[in-house]
Every structure is written in structure tokens, then in C-alpha cells.
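Here is what each chain is made of, one letter per residue.
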Amino acid sequence: YVDRVDFSQHALFDEALRHFLSGFRLPGEAQKIDRLMEKFADRFCINNPREFKSAETAYVLAYSVIMLNTDAHNPQVKKKMSKEQFVRNNRGIDDGKDLDQSFLERLYD
């Protein structure tokens, strides 16, 4: 499934992730989510090679966005993640360098 998705029309990371996730229901098992995010990251970076230094960056960020979404929409989570916490949690993920703060803040919003 993932190898057939073309993310070149979705250069914005969040748009590509939304497009990817719209094709199926995300499983509840962390190991399956991990594998899906890994495949998404690989494919996204193949289609958008200048976006991140490596597919590992896209993988970590995709997983982080999934966790942010869970945090924001799960009523059992009482203390929600702040924008500052989200940015701090994603420091150094681009081969040891920080992603642009405004990019991360836009993802949070």
C-alpha cells in the first residue's frame, strides 16, 4: 500500500501524513503503528528528498505527531502537551540538528 502512495504532491509533511492516514484506520498496537510510520517516513523522503536529512527524522516526527494527536483527543489524558513541550520533545531529531521552530509550532497548531 505505502509503496503506491505518491507524496510528491504533498510536500508539506502534515498534509502527507494526513493523506497517508486517510487510507485506513490506524491500529491500536504500538508495534504496528511503528512499522507504518517507518514505511511512511521512507516513502515520504523518497518523494521529498530535500525535506529532511534522513528518513529517521520523518519517522520520529510522524510518531511524535501521532502521539500529539492522541494526547490532544484522548479524554483520559488530563495534562495536555503544550506547544513548548512538543517543540522541546523534537529537538535534535534531524541528525542532531533542530528542525525549524516555526515548522514544529505549525504542526502543533
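The structure presented is a predicted model; accordingly, all values stated were derived computationally and were not measured.

(A) Inspection of the pattern of salt bridges at higher detail. Under the counting rule described, the total for this entry stands at 5 salt bridges. Here Asp-14 makes a salt bridge to Arg-18, at a shortest N to O gap of 3.3 Å. In this pair, Asp-14 and Arg-18 both sit in helix α1 (residues 13–21), 4 residues apart, roughly one turn of the helix. Its relative accessible area of 57% is what places Arg-18 among the exposed residues.

(B) Representation of helix α3 (residues 55–73) within the structure. An ideal rise of 1.5 Å per residue puts 27 Å on 19 residues; α3 measures up with 27 Å between its terminal C-alpha atoms. Packed against the buried residues of α3 are α1, α2 (30–47), α4 (83–89) and α5 (101–108).

(C) Quick look at the packing of α1 against α2. Running from N to C, α1 and α2 point in directions that differ by 130 degrees, and their axes come no closer than 11 Å. Relative to α2, α1 is oriented oblique. For the pair α1 and α2, the crossing hand works out as right-handed. The residues of α2 that touch α1, namely those facing Phe-13, Ala-16, Leu-17, Phe-20 and Leu-21, are Leu-36, Met-37, Phe-40 and Phe-44. Per-class residue counts for the contact of α1 with α2 are 9 nonpolar, no polar and no charged.

(D) Region of interest: the side chain of Thr-57. Positionally, Thr-57 belongs in helix α3. Assessed through its relative accessible area of 0%, Thr-57 is described here as buried. Excluding residues that lie within four positions of it along the chain, Thr-57 makes contacts with Phe-52, Ile-93, Asp-94, Asp-95 and Leu-99.

(E) Local environment of the side chain of Arg-43. As for its position among the elements, Arg-43 is in helix α2. Those residues in contact with Arg-43 that sit more than four places away from it in its chain are Val-2, Asp-3, Val-5 and Phe-7.

(F) Spotlight on the layout of surface pockets. As a volume, the largest pocket reaches approximately 460 Å³. Every residue lining the largest pocket is counted, 17 residues in all, and those nearest its centre are Leu-17, Arg-18, Val-65, Ile-66 and Asn-69. Contributing elements (two or more residues each) for the lining of the largest pocket: α1, α3 and α5. With 7 residues, the top contributor of residues to the lining of the largest pocket is α3. Split into classes, the residues belonging to the lining of the largest pocket amount to 10 nonpolar, 3 polar and 4 charged.

(G) A look at the packing of aromatic side chains. For the structure on display, the rule yields 9 aromatic pairs. Here the aromatic rings of Phe-13 and Phe-52 are separated by 5.5 Å at their centres, their planes lie at 80 degrees, and the arrangement is edge-to-face. Here the residue Phe-13 occupies a position in helix α1, and Phe-52 occupies one in the loop between α2 and α3, the gap between them amounting to 39 residues. Taken as a pair, Phe-13 and Phe-52 share a single burial class, namely buried.

Rules behind the numbers
Residues numbered from 1 in each chain as written. Predicted model: local features only at pLDDT ≥ 70, side-chain atom pairs only at ≥ 80, totals over all residues. Heavy atoms only, no water. Salt bridge = Lys/Arg side-chain N within 4 Å of Asp/Glu carboxyl O. Helix = DSSP H or I, 4+ residues; strand = E, 2+ residues; numbered from the N terminus. Buried < 20%, exposed > 50% of the residue type's maximum accessible area, 1.4 Å probe, protein only. Expected span 1.5 Å × (residues − 1). Contact = heavy atoms within 4.5 Å. Axes fitted to C-alpha atoms, helices over the stretch in contact; angles between N-to-C directions. Parallel < 35°, antiparallel > 145°, perpendicular 65-115°, else oblique. Left-handed = near helix turned anticlockwise from the far one by under 90°. Nonpolar A, V, L, I, M, F, W, Y, C, P; charged D, E, K, R; others polar. 1 Å grid on protein atoms, 1.4 Å probe; cavity = no way out; pocket = protein on both sides within 12 Å on 5 of 7 lines; lining within 4 Å. Points joined across faces, edges and corners; volume = space filled by probe spheres on them. Phe/Tyr/Trp six-rings, centres within 6.5 Å; stacked < 30°, edge-to-face > 60°.

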